[in-house]
Amino acid sequence: MATHSEAELAVAKSPASEVELATKSPAALGGMHLVEVRPPLLRTEAAGLTAYCVLHQIAFLILFSEPGFGDEVYRLLKPLTIIAPIVACAGVCLGALLFLLDVQLWSAAVQPAGFSLGFVAVAAVAAGLVLVVGDYPQAPLVVYVYAAQAGLGLLRRNVYGDCSLPDFLRVVAAVCWLGGCITLVGWILWVAILTGSVWSGATRAKYYALVLCDPTATSCLPAVILYFAPMACGLVNMFVGGSARLLELSLRRRGHTAAWTYLFGGCVVLLVSALYIQASVSGANHELSRSILLFAAAALILIGVMGASAVGIREIAARITAVALVRSLLESAKSDWAKAIGLFGGWAPLALFVFVSVAKQAVRVRLWLPRSLDEWTHPAGEMVVRRGDWLTPAAQAVVQLLRESRLTSLLSKMSWVGIAIMVMDVGFGKLFNVGISYFIEVLIAAGVGAGGVVGIFFAVGLTVLTAVPPAPAFAFYLCGSFLIPRFLPFWTGVLVSIATSFAIKMSHSIIGQKLIGELLGGRVAVRSLVGVNSLTMRAIRKILETPGLTVPKVAILVGGPDWPTCVLTGILKLNLLQMLAGTLPVIVVIAAVTVAGASQLQTNGPWSSASSMTLSLASALMAATLVSAAYFIEETAEKHKAELEALPRDEEVDARDRLAEVRAAAFLDATAWRHDAHPMPLLVRLSLASGALLQVVSVFGAIIFTSTCFVKFQMTDTVGETLLGDWTNLFKPTGRVLMLVWLTSIGQLALFYVWASARTRQFRPAAGAASRASTGSKSELLA
């Protein structure tokens, strides 16, 4: 571990030195914060950290790219794919055994051996993941990403633990960002100038041969990954460097807790928005749409790993609850919607966690609890063992949280979560593409001229975007890029397509704001639904009312979902010209999407490569604007909190919200899962619970077994050829069964609400009395 002299420590404690803010029980300290001073990095330490960040980039380029030995490594590992599951399972079993035995609590004499075994387990899992390169060529890149960050975590913990964390992150940010830029620029120069090996013709044949792909195959993922590996390495390191820089700045300004909160919150927004982006791009590139979800989840996990390794899990856990924003997030996490989303997506890990907890508790009782005692606490205070317990304390807390939940509300919301996911994934990710493809097919067959095609496309696009709120405009930009260049010279068609899509977007913004938003804004129910009195909505208003083109305004208007964003500007009665001005930069996204789509119409030259790159760029721009919009909204709400809270409230909305709370309480009481006076009938319980289970089964089945359930279909395909003229052929037999299960679940949810409405009417007199007692009569509330 690095050591520092007294002189260096004295310099570090000087006012000019950087400090790390550590929140230590603010309530006990009267809201004050303790300041923990740590010395800055020495030059030798900075040099060592720089060497690590440089070497792991060089190692990846040597091992997994074509300028290095990537093709030889691939050919060497491919025959070993068969043993990958065995190696990975051995690592998982060894890790699970060490987890059950609480290796972190072993005595100092044997703990090194335990940690050595843990390293072997991790290495075995990583090796197993690398060995699946024959089936999953992207595996080495994924392992590299996490291995590099794990190495940083080990260095921080064992070598740089007594050094300034902002200084540590500053070095990581600078080296990773610079290395990523050099790698990316160097690769572009290599393929475009030095070798002229742009992805087309002879270059494609060369890389197909290097990874033993069939030369007649239309696609070969190992060859594509081998070719683009340097670019991927550069982008990944630029992302890591940018994240580290953001963390460093946040740590210096706000302290540890707020920094991790903001970055993690941004990643959560990224993960949620990925579903919307995935549905938008699936029509052009099915593999890219799936990769978006995977890489969004990977980014979320990566930031968590970076945070845990740099600051420490216990430190984060101890400090995180001291920040007001985090306390608010934790409170919202206890809501039924948050629990429903968590249970819907995490039911399998939760079940595994409970099962492992049972085994771990049994092992603890056997190994740690003396026979003469019924309860024992580890000297470090990190473990409590009770003889009569079946679960560990952590599992008991999770089970207790579920027990305290309102099961009726939880299960019904789980069904709504499943409906929303399936509508986006199957409805807009698949059926919507079939509809657009059929639309293109009909126009081509009709022999309509270029002017007529442009006019019909404009009318249909504007109508659908206006009438169908969830419809992604991104998909229509792709539709135009596939359609219009067929009737005009290529680049003329691209320019006309960009102009038409831009006209659709701006027209949709005008109609959504003036004809829909402002009309809906006159309704108290709509204003209550969007929460005009909330701090978040007031922050959005403040950002959008700022004159001119500001980054926060552009992020909201360009990055937000199309229909909700333009309608919201009308509800808030904002200036139309200012909103249109803030929407102008969307032309960049439209241009990237149009070039990507039109490139797929070309069969010669580097068009396939250009299509994938520009579509990836457009997806990255969408994700960046969505995440930055969320960041700017939260930043404004925090910075101007007093000013925003002082604004006059909408009293009609407040009155309606109070009435809604009373009605919601009556509904929850009438439909309570457990109730002393009127418990829910067993048949209704079974129907609601099984409906939620069927939603989980159908959604996970559609996502995990996509190729088994659905025919692969992109906008460039035709219904006549790919689906044999029948759109229902999109669903394979398994998919038809899955959709039937999904529709059955929707029917069960509808029946529940019919029963719940009748049930609630039995309590209407009591609810009405409570409403009048607390908020006044209904006529007074809605006046």
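Residue positions are counted from 1 within each chain, in the order its sequence is given. Local features are withheld for residues below a pLDDT of 70 in this predicted model, meaning they are given only at 70 or higher, and side-chain atom pairs are given and counted only at 80 or more; totals for whole chains, interfaces and linings count all residues. Only heavy atoms go into the side-chain values, all of them from the structure, while hydrogens and water stay out.

Right, let's talk about unusual backbone geometry for a bit. For L212, which is not glycine, the phi torsion reads 65° and is therefore positive. Secondary structure elements follow DSSP: runs of H or I of four or more residues count as helices, runs of E of two or more count as strands, with numbering from the N terminus. Relative to the helices and strands, L212 resides in the loop between α8 (201-210) and α9 (221-254).

A word on the pattern of salt bridges. Any Lys or Arg side-chain nitrogen located within 4 Å of an Asp or Glu carboxyl oxygen qualifies as a salt bridge. Within this structure, the stated rule accounts for 16 salt bridges. The shortest N-O distance in the salt bridge between D102 and K360 comes to 3.2 Å. Linking D102 in the loop between α4 (84-100) and α5 (111-131) with K360 in helix α14 (residues 336-367), this pair joins segments that are 258 residues apart in sequence. A salt bridge links D374 to R387; its shortest N-O distance comes to 3.5 Å. With D374 in the loop between α14 and β3 (375-377) and R387 in the loop between β4 (384-386) and α15 (393-403), this residue pair connects regions lying 13 residues apart in the sequence. Overall, D374 belongs to the exposed group, its relative accessible area being 56%. Judged by relative accessible area, R387 falls into the partly exposed class, the value being 33%. Through salt bridges with shared partners, one network takes in D102, K360 and R364. With a 1.4 Å probe rolled over the protein chains alone, any residue whose accessible area is under 20% of its type maximum counts as buried; one over 50% counts as exposed, and the rest are partly exposed.

Time to look at helix α24 (residues 576-583). Buried within α24 are the following residues: M579, L580, G582 and T583. Buried residues of α24 fall within an arc of 160° about the axis and therefore sit on the same side. For this analysis, residues touch if any pair of their heavy atoms sits within 4.5 Å. If you follow the buried residues of α24, they end up packed against α19 (490-520), α21 (535-545), α22 (551-559), α23 (562-571) and α25 (586-599). Definition of a polar contact: a pair of N or O atoms within 3.5 Å, with one able to donate and the other able to accept a hydrogen when the atoms are protein atoms, and with sequence-neighbouring residues admitted only if both atoms are side-chain atoms. Capping the start of α24, N575 holds a side-chain oxygen 3.1 Å from the backbone nitrogen of L577, two or three residues further along. The arc refers to the directions leading from the helix axis to the C-beta atoms.

The next subject is the side chain of S509. Secondary-structure assignment places S509 in helix α19. You can call S509 buried: its relative accessible area is 8%. Ignoring anything within four residues of it in the chain, the contact list for S509 reads C566, L580 and T583.

Below, the discussion takes up the confidence of the model for the chain. Confidence of the predictor at the level of single residues is given by pLDDT, which spans 0 to 100. Overall, the prediction assigns the chain a mean pLDDT of 77, with 78% of residues at 70 or greater. Per-element mean pLDDT across the chain ranges from 35 in helix α34 (residues 778-782) up to 93 in helix α32 (residues 733-761). Confidence over residues 255-266 falls short of pLDDT 50; this stretch has 40 contacts with residues more than four positions distant or in other chains. The low-confidence segment residues 268-289, where pLDDT is below 50, has 76 contacts with residues more than four positions distant or belonging to other chains.

Our next topic: the environment of R170. Within the secondary structure, R170 is located in helix α7 (residues 165-194). A C-alpha to C-alpha distance of 8.8 Å links R170 and G241, two positions 71 residues apart in sequence. A polar contact of 3.2 Å, which involves the side chain of R170, links it to the side chain of D167.

It is worth spelling out the nonpolar core at this point. As used in this record, nonpolar core signifies buried Ala, Val, Leu, Ile, Met, Phe, Trp, Tyr and Cys residues forming a set joined through side-chain atoms within 4.5 Å. Counting residues in each nonpolar core, the largest one holds 35 residues, and the members touching the most others are F432, I436, F457 and L483. Looking at this core, the elements with two or more residues in it are α16 (407-446), α17 (450-467), α18 (473-483), α19, α22 and α25. Top contributing element to this core by residue count: α18, with 9 residues. Not counting chain neighbours up to four residues away, the residues in contact with L483 comprise F439, I440, L443, V453 and F457. Membership of the second largest hydrophobic core comes to 33 residues, among which are W673, L688, A702 and L723.

This part takes up the packing of helix α29 (residues 682-704) against α32. Look at α29 against α32: their axes get within 8 Å of each other, and the N-to-C directions meet at 150°. Of the possible angle classes, the one that applies to α29 and α32 is roughly antiparallel. Handedness of the crossing formed by α29 with α32: left-handed. In this structure, α29 contributes V684, S687, L688, S690, G691, A692, L694, Q695, V697, S698, G701 and A702 to the contact, and α32 contributes L738, V741, W742, T744, S745, I746, Q748, L749, F752 and W755. Taken together, the residues of the contact of α29 with α32 sort by class into 13 nonpolar, 9 polar and no charged. Here an angle of 0 to 180 degrees is reported between the N-to-C directions of two axes, which are lines fitted to C-alpha atoms, with helices fitted over the stretch in contact. Should an angle lie under 35 degrees it is considered roughly parallel, over 145 roughly antiparallel, and from 65 to 115 roughly perpendicular; all remaining angles are considered oblique. Each crossing gets its hand from how the near helix is turned against the far one by less than a right angle, where anticlockwise is left-handed and clockwise is right-handed. Under the scheme applied, nonpolar residues are Ala, Val, Leu, Ile, Met, Phe, Trp, Tyr, Cys and Pro; charged residues are Asp, Glu, Lys and Arg; polar residues are all the others, including Gly.

Attention now goes to α23. Across the 10 residues that make up α23, a large majority, 9, are buried. Residue K573 follows α23 closely and has a positive phi angle near 55°.

Here we take up the packing of aromatic side chains. In this analysis, rings of Phe, Tyr and Trp, with Trp reduced to its six-membered ring, are considered paired at centre separations within 6.5 Å, and the interplanar angle assigns stacked below 30 degrees, edge-to-face beyond 60, and tilted for intermediate values. By the definition in use, this model includes 16 aromatic pairs. With a centroid separation of 5.7 Å and an interplanar angle of 75°, the aromatic rings of W187 and Y227 are classed as edge-to-face. On the criterion of sequence distance, the pair formed by W187 in helix α7 and Y227 in helix α9 is long-range, its members being 40 residues apart. Each member of the pair W187 and Y227 is classed as buried. Their ring planes at 50° and their centres at 6.4 Å tell us that W416 and Y753 sit as a pair that is tilted. Of this pair, W416 sits in helix α16 while Y753 sits in helix α32, and the two are 337 residues apart along the sequence. By relative accessible area, W416 is classed as partly exposed at 39%. Using a relative accessible area of 28% as the deciding quantity, one classes Y753 as partly exposed. Ring pairing ties together the aromatic residues W187, Y207, Y227 and F228, which thus form one cluster. The criterion is that NZ of a Lys, or CZ of an Arg, lies within 6 Å of the ring centre and within 35 degrees of the ring normal, and then a charge sits over that ring. Over the ring of F99 we find K360; its NZ or CZ atom is 3.5 Å from the centre of that ring. Between K430 and the ring centre of F710, over which it is positioned, the NZ or CZ distance is 4.9 Å.

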